[in-house]
Amino acid sequence: MTEQRQDPILIVGGGMAGALLALLLRHHGASAVTLVESHPLTLPDEPPLTPSFDARSTALSAGTLSVLDELGLAEAIREHSAAIDTVHVSRRSRLGITRLRASEEGVPALGAVVENRWLGFVLLRALYADAAIQVLAPERLSAIRRLEDGYQATLESGRTLTTPLLIAADGAKSRTREWLGVSARDSDTGHDAMIANLSLASDHQGIAYERFLSDGPLALLPLPDRRFGLVWTGPRDQVDAWMEMESGALLEQLQQQCPAEAPRITGIGERQRYPLILTHACAQAVPFGVVVGNAAHTLHPVAGQGFNLTVRDLVQLACTVGGASAPGKLSLLQQYVQRREQDQALISQASRWVPEMFRAQQPLFAHSRQLGLVAMDILPGLRQGFARRAMGL
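Residues numbered from 1 in each chain as written. Predicted model: local features only at pLDDT ≥ 70, side-chain atom pairs only at ≥ 80, totals over all residues. Heavy atoms only, no water.

With respect to unusual backbone geometry
Here's step 1: The step from alanine 137 to proline 138 runs through a cis peptide bond, and the omega angle for that step is -5°.
Here's step 2: Looking at the element boundaries, proline 138 is found in the loop between β8 (133-136) and β9 (141-147).
Here's step 3: One non-glycine residue, aspartate 225, adopts positive backbone phi at about 65°. (Helix = DSSP H or I, 4+ residues; strand = E, 2+ residues; numbered from the N terminus.)

What follows is the structure in structure tokens.
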């Protein structure tokens, strides 16, 4: 008797999380994967090799790069990214600086910063190179129906798909998560993040800066061609002012907030903003369904941990269900959730309390954070523990 072919695992959402998960599932033994995305996912005739001054970028930890290495993708990504050799952490108007260095941690780099359009191109090229991954885009789900051993999904085109495991990877406002019966809590921080690319008068030398200000953290991420990626967070009315400010005045204000050793900023590109509304799914697994990426949790951008935390989730999920004969079995999905809950809780809590601690004006908190930075710079063990957690190792 011939073995019955298993229906493909179905991922809804073809962003970086959904695309990477499809590749990881195949790498860990899934026989077939279908990816549904509402926007077109078309490979360009020519790869986007020329840097775009206004392109958004993502900081990839050393752990994430090792995952991409395993998939055979990291070399292509490194060709058009900037390595992070040092992370410089400081608090404005206070003593205490700590520096995390790749050489001290025994790794080639602490991470790398890559433009999203290049990262997306590399992932998409790998998706289309795998005949067992079916990409349906642009396409949307219009309904799902629970079956005895999975789900039937109806697409807006009228096509129906059956799957033993339905994965919601369609963002913080996920419709698929709602259809799976999973609610989510939103926490509005009252702050927004402004992002832009900056041109520099001199080379950044692979140094990323995390600068804690009284209103919120400011991050400067190295990019190719003497550029920084800026992530500057603050109260919503303050971000309103930054968005409307004339470029020269904004650059002058920004330069005053940067560490003295950072390169001089000579220009700023298109400014974008996004509200810091933190989402937390009330469950990440139900029978025959799982929620990942921003549909499961969103974080404050401090230390750039959001995507890297998701990558660790995706690796664990793929390891758990990739080669399983019944990947949607609840006991299997609960194993995945249990293996990830400690790391998720730690990173989620840290991303909340670190910005709050540095914003606090009480003398006790001011002295504590100052001593903390001094201690991290003096004590190698403490610094190494923090560095390895940030690198996802």
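Following the structure, the description resumes.
Side note on the packing of helix α1 (residues 16-27) against helix α9 (residues 306-321)
Here's step 1: Axis separation between α1 and α9 bottoms out at 9 Å; the angle between their running directions is 30°. Taken together, the axes of α1 and α9 lie roughly parallel to each other. For the pair α1 and α9, the sense of crossing is right-handed. Residues Met16, Ala17, Leu20, Leu21, Leu24 and Leu25 of α1 pack against Phe307, Thr310, Val311, Leu314, Val315, Leu317, Ala318 and Val321 of α9.
Here's step 2: The residue makeup of the contact of α1 with α9, split by class, is 13 nonpolar, one polar and no charged. (Axes fitted to C-alpha atoms, helices over the stretch in contact; angles between N-to-C directions. Parallel < 35°, antiparallel > 145°, perpendicular 65-115°, else oblique. Left-handed = near helix turned anticlockwise from the far one by under 90°. Contact = heavy atoms within 4.5 Å. Nonpolar A, V, L, I, M, F, W, Y, C, P; charged D, E, K, R; others polar.)

Let's talk about the sheet that holds strand β2 (residues 33-36)
Here's step 1: Strand order in the open sheet formed by six strands is β8-β2-β1-β12-β20-β19, with mixed pairing between adjacent strands. Whereas interior strands pair on both sides, the edge strands pair on one side only; in this sheet they are β8 and β19 (285-286).
Here's step 2: When β2 meets β8, the two strands line up parallel, connected through four bridges. Within the sheet, the bridge partner assigned to threonine 34 lies in β8 and is glutamine 134. (Pairing = 2+ DSSP bridges.)

A look at the packing of aromatic side chains
Ring pairs (aromatic) are described by centroid distance and by the angle formed between their planes.
Here's step 1: Across all of its chains, the model carries three aromatic pairs by this definition.
Here's step 2: Geometrically, the ring pair formed by tyrosine 209 and phenylalanine 228 is edge-to-face, given 6.0 Å between the ring centres and 85° between the ring planes. Linking tyrosine 209 in strand β14 (residues 207-212) with phenylalanine 228 in strand β16 (residues 227-235), this pair joins segments that are 19 residues apart in sequence.
Here's step 3: The buried category is assigned to tyrosine 209, whose relative accessible area is 3%.
Here's step 4: What makes phenylalanine 228 buried here is its relative accessible area of 0%. (Phe/Tyr/Trp six-rings, centres within 6.5 Å; stacked < 30°, edge-to-face > 60°. Buried < 20%, exposed > 50% of the residue type's maximum accessible area, 1.4 Å probe, protein only.)

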